[in-house]
Amino acid sequence: MDLSGAKGITVIPTGAALGADISGLDLSRPLGEEIFKAVESAWHRHLILRFRGQSLDDPGLLAFARRFGDLDKAPVHAMADTDHDPYPEITVMSNIKVNGKPIGNLGHYEAEWHTDMSYNELTPIGSLLYSLEVPPEGGNTGFSNMYRAFETLPADLKRTVIGKSCKHDSSRTSVGDLRKGFKDVTDPREAPGAVHPIVRTHPATRKNALFLGRRRNAYIVGLPLDESEEFLNRLWAHASKPEFTWYQKWKVGDLIMWDNRCAMHRRDAFDPESRRLMHRTQIRGDRPFFDSATLAA
């Protein structure tokens, strides 16, 4: 469909459970208010937007991202030759090493299904990931529609999770590494991290989505551990069904933005001898909430 008031700019849905391409838009140029509102509306509708063939420097990436809100500072990450980071809101995602030291995060490993920073009290609204170098194979990014996952939950499971909260473990990364300064957790009830509703209401769309974070060391507050594990296993088996997903096969110049409030994501592993370089920034978030008034009577 055409974007309102934007000649030659179109929204092309992927045909999967989520995702759409925005074509005809040069993100290195400032967006007028009408165009921005149309892009934001498409984002809320499709959860994931892809802009192909972009040529962005770091200031350009940050300028576009800031149209959607304030940005988070990046977590502490590897620096190549300087202690000063001119763009502290950008996280380098890469397996590349310079002088034997990694320049970025996550390496070449698989990243399991997760929601960014769900272990924080305030969770990001969304993230933007821009590709600078991509491997010839692998390293694809999958996204899963958590609106659809919630809507199609078996009735007994839906009744169980509505109104329940989950503790989100902050001790490990999405590739399973123990974070510096944290101790290994054997009992999820003792895991560090924030507690959020399992069913989350999106403040803009007023739709409800599953908000699962990460499976490892998650705990449904108030349940015996065995019951929590059983229900979480069922939730994750349902939420990760292929019919809820779409996969991004990266090309240089792709910019993907996703809504962290209603979509999970993961990454395929790739050959460690290949190079992959991405720049990511994320939009500062809010506190997840559930509004029971959004449920059908």
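Note: the structure precedes this text.
The following refers to the structure shown. Predicted model only: the values in this text are computed from it and were never measured. (Residues numbered from 1 in each chain as written. Predicted model: local features only at pLDDT ≥ 70, side-chain atom pairs only at ≥ 80, totals over all residues. Heavy atoms only, no water.)

Tallied over the full model, the rule gives 17 salt bridges. Between Arg 275 and Glu 133 there is a salt bridge, and its shortest N-O distance comes to 2.8 Å. Taken together, the positions of Arg 275 in the loop between β18 (263–267) and β19 (277–283) and Glu 133 in strand β9 (residues 126–133) put the pair 142 residues apart, joining distant regions of the chain. Taking the relative accessible area as the measure of exposure, Glu 133 reaches 26% and is therefore partly exposed. (Salt bridge = Lys/Arg side-chain N within 4 Å of Asp/Glu carboxyl O. Helix = DSSP H or I, 4+ residues; strand = E, 2+ residues; numbered from the N terminus. Buried < 20%, exposed > 50% of the residue type's maximum accessible area, 1.4 Å probe, protein only.)

According to the stated counting rule, one finds zero disulfides in the structure shown. Cys 166 takes part in no disulfide bond, and the closest cysteine sulfur to it belongs to Cys 262, at a distance of 18 Å. Taking relative accessible area as the criterion, Cys 166 reaches 2% and is therefore assigned buried. (Disulfide = S-S within 2.5 Å.)

Another aspect to go through is the pairing of strand β17 (residues 255–259). Counted residue by residue, β17 has five buried out of five residues, so it is predominantly covered. Here β17 shows two buried faces, one formed by Leu 255, Met 257 and Asp 259 and the other by Ile 256 and Trp 258. The sheet contact formed by strand β3 (residues 48–51) and β17 spans four bridges and is antiparallel. Paired with Ile 48 across the bridge in β17 is Trp 258. Where β9 lies against β17, five bridges are found, and the strand directions are antiparallel. Note that in β17 the partner of Leu 128 across the bridge is Met 257. (Pairing = 2+ DSSP bridges.)

In this section: helix α1 (residues 33–46). Compared with the 20 Å implied by 1.5 Å per residue over 14 residues, the 20 Å span of α1 between its first and last C-alpha is a close match. Buried within α1 are the following residues: Ile 35, Phe 36, Ala 38, Val 39, Glu 40, Ala 42, Trp 43 and His 46. Along its buried surface, α1 packs onto β1 (10–13), β2 (20–23), β3, β9, β17 and β19. (Expected span 1.5 Å × (residues − 1). Contact = heavy atoms within 4.5 Å.)

A few words now on the sheet that holds β19. Ordered by their spatial adjacency, eight strands build an open sheet running β1-β2-β3-β17-β9-β19-β4-β7, and the pairing between neighbours is mixed. Two strands lie at the open edges of the sheet, namely β1 and β7 (105–106), each paired on one side alone. The strands touched by helix α2 (residues 58–66) are β3, β9, β17 and β19; relative to β19, the strand with the most contacts, the crossing angle is about 30°. (Axes fitted to C-alpha atoms, helices over the stretch in contact; angles between N-to-C directions.)

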